[in-house]
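Structure assessment
In case you want the letters, here they are:
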Amino acid sequence: MTELELYRWMALNRAVEERLVSFYRQNKVVGGVYRSLGQEAISVGTAAALEPQDVVAPLIRNAGVFLMRGYRPRDLFMQYMAKAGSPTGGRDCNTHFGDVSKGVIAPISMLGAMIPVCAGIAWAGREQGKNLVAMTYIGDGGTSTGDFHEGMNLAAVWKLPLVVIGEHNQYAYSTPTREQMAITDLAERARAYGIQAETVDGNDVLVVLEAARRAVQHARSGQGPYFLECKTMRMRGHAEHDDARYVPPALFEEWRGKDPLDRLRQRLVERQAQLERIDQEVDREVEAEARLAEESPMPDPSFAFGRVFA
Ligand SMILES: Cc1ncc(C[n+]2csc(CCOP(=O)(O)OP(=O)(O)O)c2C)c(N)n1
């Protein structure tokens, strides 16, 4: 994938979320909007390292992963607006959706739960000789759950082709990392189980992509799981309803200077015209997709009685 393609995906990731925020402010979203502002390089850099046969379970801050695996902006818009045409037909209004044909496993909200699930997928894939890698994500807060530790340990013992991306964005809701763990690097947690781990700058998409390729190659070649910690900063509150007043303004200021899109733009400064064209194309695409989603119908009420156990 070229640098300009990486830029396009990050720009699309950001523009889709910005549009979601305006829908939210217009009261058109059912529920909350959880952004990945400032973290786009992680979704894009890691998904770019996957092959079509691989399986990924994105979390709420991985809109970029859904897009890169074949979902369109309209799917995310309709999903958040609970529209009939959304991936869940209006049953869920968040990112709890997936499609095995796209290699996307629907996440659930319980933090840490996708680690044992993806360990299981990695194991099944190996048993079936599919040569697949299973990838999932975890926040700094999520690495303190029991599921994270149980899943990581099992993956290490069974040497499973599992890649776990640690999104170390400084806060778990309002709790800074230092108040929920006595170490500074999440990677230490993985190493304790005998898992190959590294810590990288999560705001540099080229660094993330290179590291993610190492991780995927390690897992695919039978050397066992890999934990890639990406240091970053959650540039919004937990969701749009949260004004993040507990974050010192200086910290936001510091990380604003490390914005992943700005950094790639600076590196590609000689291709300014192309960057501008990409920005315009992304804006046009997002606007058209948003209009389509907005004009699409809500589900028929009778639909609520289908696809349920009782
Ligand atoms: C097992 C579990 N405990 C608590 C919650 C409630 N909860 C949802 S998100 C969140 C904070 C997550 O922080 P982190 O894992 O660092 O991810 P981030 O939101 O920073 O990306 C909490 C406590 C949950 N979903 N699951």
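In what follows, the structure referred to is the one given above.
Summarised in this report is the structure supplied together with it. (Residues numbered from 1 in each chain as written. Predicted model: local features only at pLDDT ≥ 70, side-chain atom pairs only at ≥ 80, totals over all residues. Heavy atoms only, no water.)

**A look at the overall build of the protein**
As a reminder of what qualifies: Helix and strand assignments come from DSSP, with helices taken as H or I runs of at least 4 residues and strands as E runs of at least 2, each series counted from the N terminus. Computation of the radius of gyration draws on C-alpha atoms, with the globule rule given as 2.2 Å multiplied by the number of residues to the power 0.38. Exposure classes here rest on a 1.4 Å probe applied to the protein chains alone. A residue is buried below 20% of its type maximum, exposed above 50%, and partly exposed in between.
A tally of helices and strands in the protein yields eleven helices and seven strands. Rg of the C-alpha trace for the protein: 19 Å, near the compact-globule value of 19 Å for 310 residues, within the 12% margin. Its C-alpha atoms put the protein at 55 × 50 × 40 Å along the principal axes. Counting across all 310 residues of the protein, residues that qualify as buried make up 54%.

**With respect to the site of the ligand**
We apply this condition: Note on definitions. A residue lies near a molecule or strand when any single heavy atom of the residue is within 4 Å of it. For this analysis, a polar contact is any N or O atom pair within 3.5 Å, provided that within protein one partner can donate a hydrogen and the other can accept it, and provided that sequence-adjacent residues contribute only side-chain to side-chain pairs. Residue burial considers only the protein chains on display, and all accessible areas are found by Shrake-Rupley using a 1.4 Å probe. Residue type decides the class: Asp, Glu, Lys and Arg count as charged, Ala, Val, Leu, Ile, Met, Phe, Trp, Tyr, Cys and Pro as nonpolar, and the leftover types, Gly among them, as polar.
Around the ligand, the structure places 13 residues, and the nearest of them are Arg61, Ser109, Gly141, Gly142 and Tyr171. One of the backbone N or O atoms of Ser109 is found 2.9 Å from a nitrogen atom in the ligand. Between the ligand and the protein, one listed contact pairs an oxygen atom with a backbone N or O atom of Gly142 at 2.8 Å. Compared with its free state, where it exposes 590 Å², the ligand has 66% of that area covered by protein. Within the shell around the ligand, the residues separate by chemical class into five nonpolar, six polar and two charged.

**Quick notes on the packing of helix α4 (residues 73-80) against helix α11 (residues 272-295)**
Just so we agree on the cut-off: Each axis is a line fitted through C-alpha atoms, and for a helix only the stretch in contact is used; angles between axes span 0 to 180 degrees, taken between their N-to-C directions. Throughout this description, any angle smaller than 35 degrees is read as roughly parallel, any larger than 145 degrees as roughly antiparallel, any in the 65 to 115 degree range as roughly perpendicular, and the remainder as oblique. For a crossing to be left-handed, the near helix must be turned anticlockwise from the far one by less than a right angle; the clockwise case is right-handed. For this analysis, residues touch if any pair of their heavy atoms sits within 4.5 Å.
One way to put it is that α4 packs onto α11 with a least axis distance of 9 Å and a crossing angle of 40°. By the angle between their directions, the pair α4 and α11 is classed as oblique. Crossing handedness for the pair α4 and α11: right-handed. Residue-level contacts link Pro73, Arg74, Phe77 and Met78 of α4 to Glu285, Val286, Glu289, Ala290, Leu292 and Ala293 of α11.

**Remarks on the packing of aromatic side chains**
Worth spelling out the cut-off: Each aromatic pair joins two rings of Phe, Tyr and Trp (for Trp, the six-membered one) with centres within 6.5 Å, and gets the label stacked for planes under 30 degrees apart, edge-to-face for over 60, and tilted for any other angle. Charge-over-ring contacts are defined here by two conditions on Lys NZ or Arg CZ: a distance within 6 Å of the ring centre and an angle within 35 degrees of the ring normal.
If you walk through the whole model with that rule in mind, you get seven aromatic pairs. Ring geometry for Tyr71 versus Phe97: centroids 4.9 Å apart, planes at 85°, classification edge-to-face. Here Tyr71 is found in the loop between α3 (63-68) and α4, whereas its partner Phe97 is found in the loop between α4 and α5 (114-127), with 26 residues between them in sequence. Here Tyr71 falls in the buried class, since its relative accessible area comes to 6%. Taking relative accessible area as the criterion, Phe97 reaches 2% and is therefore assigned buried. Through a chain of ring-to-ring contacts, the aromatic side chains of Phe66, Tyr71 and Phe97 assemble into a single cluster. Residue placement shows Arg19 over the ring face of Phe23; its charged tip is 4.5 Å from the ring centre. The ring of Trp255 carries Lys258 above its face, with NZ or CZ at 3.9 Å from the centroid.

**Comments concerning the packing of helix α1 (residues 3-25) against α11**
Where α1 meets α11, the closest approach of the two axes is 9 Å, and the angle between their N-to-C directions is 40°. In terms of orientation, α1 lies oblique with respect to α11. The two elements α1 and α11 meet at a crossing, and its hand is right-handed. Packed against α1, whose contacting residues are Leu4, Tyr7, Arg8, Ala11, Leu12, Ala15, Val16, Arg19 and Phe23, the element α11 presents Gln274, Leu275, Ile278, Asp279, Glu281, Val282, Glu285, Val286, Glu287, Ala290 and Glu294 at the interface. For the contact of α1 with α11, the class distribution of residues is twelve nonpolar, one polar and seven charged.

**Quick notes on the side chain of Arg234**
Which entries qualify depends on this criterion: Counting rule for charge: Lys and Arg are taken as positive, Asp and Glu as negative, and neither His nor the chain ends is counted. Think of a salt bridge as a Lys or Arg side-chain nitrogen and an Asp or Glu carboxyl oxygen that are within 4 Å of each other.
Within the element layout of this structure, Arg234 appears in the loop between β7 (226-231) and α9 (249-256). Among buried charged residues, Arg234 stands out as having no salt bridge; its nearest opposite-charge side chain is Asp242, 4.1 Å away. Of note is the side chain of Arg234, whose polar atom sits 3.0 Å from the backbone oxygen of Tyr173. A polar side-chain atom of Arg234 sits 2.8 Å from the main-chain carbonyl oxygen of Arg236. Leaving out residues up to four positions away in the same chain, Arg234 has contacts with Leu37, Gln39, Arg61, Asn169, Tyr171, Tyr173, Asp242, Ala244, Tyr246 and Phe252.

**A closer look at the sheet that holds strand β2 (residues 134-139)**
Put simply, the rule is: In this analysis, strands are considered paired if DSSP registers two or more bridges between them.
Taken together, five strands build an open sheet; the order of strands is β1-β2-β3-β7-β6 and the sheet is parallel. Each having just a single partner strand, β1 (55-57) and β6 (196-201) make up the two edges of the open sheet. Adjacent strand axes in the sheet meet at a mean angle of 20° when their direction is disregarded. Inspection of the sheet shows strand β3 (residues 162-168) paired to β7 by six bridges, in the parallel sense. Bridging from a neighbouring strand, Glu167 pairs with Cys230 of β7. Helix α2 (residues 40-47) rests against β2, β3 and β7 of the sheet, and its axis sits at about 165° to β2.

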